[in-house]
Each structure stands twice: as structure tokens, then as C-alpha cells.
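Fold and contact review
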Amino acid sequence: MDIADHINGKTKTFMLFGNPVEHSFSPVLQNTIAKTVGINSVYTAVKVDDIGEAVKGAYALGIKGINVTVPYKQEVMKHLCGIDKTAQAIGAVNTLKYTDKGYYGYNTDIFGLRLSLKTRGIYLKNKTVVILGAGGAAKAAVALSLSEGAKITYIINRTVEKAQAIKESVLKYFEGEVICGDYDVLDSIDREIIMIQTTSVGMGEGVWESPLKNTEVFKKTRVFMDIVYNPLKTKIMADAESYGLVPINGLDMLIYQGMASFEIWNDMEIDIVTKVDLRDMLVSFYERGR
Ligand code: ATR
């Protein structure tokens, strides 16, 4: 469809603020969602140098919804009129919604992660969940694990103090048993696990590295997800495959977190069948674009 056919005086504008944004998949993602569900809106990516000024300017323009990405997901928090509980627990905001008091902040990563698992029939309730890494992305995984009622959540990181810090901050918002440790702790777990890899180790073109030196842990792993989507297959995913697992990459999480932002901005819920259809369409767009 030509852009001139559908942009008119009633078109709502949504935006992504980040730096850099040139390679972002979000415009394709958001414009495809809008077209599929029939909302008259357009989404563009904006390279921002000063997030405070950008938020102020967008508010003056009446922009109804904004995504925020690297490097502003924390910094943007001081420019908002309020922040939802999950985003506070994660300590980062990726979605702003216009209100008459200013922008209200959300974090939709947890929704993206939840749906990536749920659409495959995977639930964390009463399970032993192992999260590799203790950076920004790990916080969403820890918050999801606790909010879903996992039996035990392990946070495994090279630097154990960072795992401890996540445990302390997420436990202010959610309850559950959390054990922190380094990679050696994996040997001592004597039950079946669901593993979510959140480190940056396998990320980037031409990178073939894994944070996991001893892959024996895959013998007790029932589900393995890597939140990385570039590349679509990481070394640790290939290692998981060699133990007969069918690893999940981070592309679904990216797609579903975008749908959650869209739902927040438009006060609507996209039904699950449409969500899964959209996911299939967007995965093939993404794969063709590479
Ligand atoms: P983000 O906020 O994007 O998640 P980050 O805060 O830089 O990124 O965190 C990166 C994560 O990858 C951390 O858990 C980091 O471990 P440390 O806290 O010990 O640094 C992890 N990481 C990076 N390189 C690693 C490596 N070579 N082996 C194991 N973990 C690594």
C-alpha cells in the first residue's frame, strides 16, 4: 500500500527515540501491526541527542505513544509523570503513553518474554528457572519468573554482586525464592530447569561465543531461550541443539513487546490468534531483510 493512500489529517503518530536507530526493526514492526489491526497511525524512528528535550517536544506536539531504546531506557524515567510497577521493578522504561499530566512509563519486555513462552505452551509456575546474566535484560526475566510463580529462580552471573543487586531490587516488587551464584552453581542444581540466556556474549554479527563453558547443564534443561535475535542463532543455541533441545531466540520477544506497546497506546487488546499471525508475518519479514 502506498503511504499517500492512508496518511491523512487523522493519522496518529508514534515514535521511537534512541541513538542509533537506523537499523531498528520497530518501524516495520509497528506499522505492520497498525495496518493489520486497522488503526490509522504511523510510526517513525528518531535519533535523539537529548532525551529530556525530546520528551518535552513530543509532549508539546501531542504525540500519543513513544518507544524508548538504548541508551535512554533509564534516563527517560526522570522525565515522566509516573511509572508502572513492572517498569519500576525492572528499572527501565521502553514505552511512554501520553496522559494529561505528562508521559506515563511502562516496560513491555516482560510481556514480550511471557508471550514468547506462553505461545509455546511454556509456563514458569512451580518451575526451576535459571537466568544467565545480570545486566538490564536479566531484570525483566527475573521479574517475569517471580511474577509467574517459579519455584526457584537462579541468577547466574560472572560477577555475583550484580546478580545480588538484581535480586534485591526485584524482590522489592515481587516475591519468590532467588538464588544468586556464578556459573559453577549450575553443577549443583539437581532438578529440571528452564534456562533463559540474557548476557550480551553471543550478540552481534560474526560473534560465535557462549557464556557457558560447560554445556553439561543442558542435560537437565527442558526449555532454552536466548533473548538475542542478532544473530538468530547463537553459539549457546547451537550447543543447546546438540543436546536435542529446540532453542527459542529473542525475535518473538522483540515482536511481542512491540505489540504490548501498541496495545497500551491504543487502549486495546489484540486477540491471541492475530498476535500469532502477526508474529509469523514479522518473523518472515525479519528473516528476508537479513
Ligand atoms: P544489558 O544491560 O544490555 O543487559 P550489561 O549490563 O552490559 O548489558 O550486561 C551484560 C551481561 O553480559 C552481564 O551479565 C555480563 O556479566 P558481568 O556482569 O559479569 O560483566 C554478561 N557478560 C558479558 N560478557 C561476558 C562474558 N564474556 N562471559 C560471561 N558473561 C558476560
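Look above for the structure.
Residues numbered from 1 in each chain as written. Predicted model: local features only at pLDDT ≥ 70, side-chain atom pairs only at ≥ 80, totals over all residues. Heavy atoms only, no water.

1. Things to note about the pairing of strand β8 (residues 152-156)
Extensive coverage of β8 is indicated by the burial of five of its five residues. Residues Ile 152, Tyr 154 and Ile 156 line one face of β8 and the alternating positions Thr 153 and Ile 155 line the opposite face, and both faces are buried. Here five bridges tie strand β7 (residues 128-132) to β8, and the two strands are oriented parallel to one another. If you follow Ile 131 over to β8, its bridge partner there is Ile 155. Between the parallel elements β7 and β8, the chain passes through helix α6 (residues 136-147) in a crossover that is right-handed. Sheet topology places β8 next to strand β9 (residues 178-181); four bridges connect them, and they run parallel. Bridged to Thr 153 within β9 is Val 178. (Buried < 20%, exposed > 50% of the residue type's maximum accessible area, 1.4 Å probe, protein only. Helix = DSSP H or I, 4+ residues; strand = E, 2+ residues; numbered from the N terminus. Pairing = 2+ DSSP bridges. Right-handed = clockwise from strand over helix to strand, strands pointing away.)

2. Some thoughts on the site of the ligand
Not every one of the 13 residues close to the ligand is listed here, only the nearest: Ala 134, Gly 136, Asn 157, Arg 158 and Thr 159. Contact distances for the ligand include 2.8 Å between an oxygen atom and a backbone N or O atom of Ala 134. A distance of 3.3 Å separates an oxygen atom of the ligand from a polar atom in the backbone of Ala 137. Bound to the protein, the ligand loses 66% of the 640 Å² it would expose on its own. Within the shell around the ligand, the residues separate by chemical class into four nonpolar, seven polar and two charged. (Near = heavy atom within 4 Å. Polar contact = N/O pair within 3.5 Å; in protein donor to acceptor, adjacent residues only side chain to side chain. Areas by Shrake-Rupley, 256 points an atom, 1.4 Å probe, with all protein chains shown as cover. Nonpolar A, V, L, I, M, F, W, Y, C, P; charged D, E, K, R; others polar.)

3. Thoughts on the pattern of salt bridges
One pass over the structure, following the stated rule, counts 13 salt bridges. Among the salt bridges present, the one from Asp 252 reaches Arg 279, with a minimum N-O distance of 2.9 Å. With a gap of 27 residues between them, Asp 252 in helix α9 (residues 251-266) and Arg 279 in helix α10 (residues 272-288) connect regions that are remote in the sequence. Classification of Asp 252 as buried rests on a relative accessible area of 2%. Between Asp 280 and Arg 279 there is a salt bridge, with the nearest N and O atoms lying 2.7 Å from each other. Residue Asp 280 is classed as partly exposed on the basis of its relative accessible area of 40%. Members of the salt-bridge network, linked through shared partners, are Arg 120, Asp 252, Arg 279 and Asp 280. (Salt bridge = Lys/Arg side-chain N within 4 Å of Asp/Glu carboxyl O.)

4. Description of the pairing of strand β11 (residues 221-226)
Judged by how many residues are buried, β11 sits mostly within the fold: five of six residues are covered. Pairing of strand β10 (residues 193-197) with β11 involves five bridges; the strand directions are parallel. Along β11, the bridge assignment pairs Ile 196 with Met 225.

5. Digging into the packing of aromatic side chains
One pass over the full model with this rule turns up ten aromatic pairs. Ring centres 4.5 Å apart and planes at 15 degrees place the aromatic pair Tyr 59 and Tyr 98 in the stacked group. You can see Tyr 59 sitting in helix α3 (residues 51-61) and its partner Tyr 98 sitting in strand β5 (residues 95-99), a full 39 residues away along the chain. The exposure class assigned to Tyr 59 is partly exposed, which follows from its relative accessible area of 24%. Between Phe 218 and Tyr 243, the ring centres sit 5.8 Å apart and the planes meet at 45 degrees, which makes this aromatic pair tilted. With Phe 218 in the loop between β10 and β11 and Tyr 243 in the loop between α8 (235-241) and α9, the pair connects residues that are 25 residues apart, well separated along the chain. Ring pairs connect the aromatic residues Phe 14, Tyr 43 and Trp 265, which therefore count as one cluster. Here the basic side chain of Lys 64 rests over the ring of Tyr 98, its NZ or CZ set 4.3 Å away from the ring centre. (Phe/Tyr/Trp six-rings, centres within 6.5 Å; stacked < 30°, edge-to-face > 60°. Lys NZ or Arg CZ within 6 Å of the ring centre and 35° of its normal.)

6. Section: the packing of helix α5 (residues 109-118) against α6
Across the interface, α5 lies against α6 with an axial gap of 9 Å and an inter-helix angle of 60 degrees. By the angle between their directions, the pair α5 and α6 is classed as oblique. Crossing of α5 over α6 shows right-handed handedness. Contact residues: α5 offers Asp 109, Ile 110, Leu 113, Arg 114 and Leu 117, while α6 offers Ala 140, Ala 141, Ala 143, Leu 144 and Ser 147. Partitioning the contact of α5 with α6 into residue classes produces seven nonpolar, one polar and two charged. (Axes fitted to C-alpha atoms, helices over the stretch in contact; angles between N-to-C directions. Parallel < 35°, antiparallel > 145°, perpendicular 65-115°, else oblique. Left-handed = near helix turned anticlockwise from the far one by under 90°. Contact = heavy atoms within 4.5 Å.)

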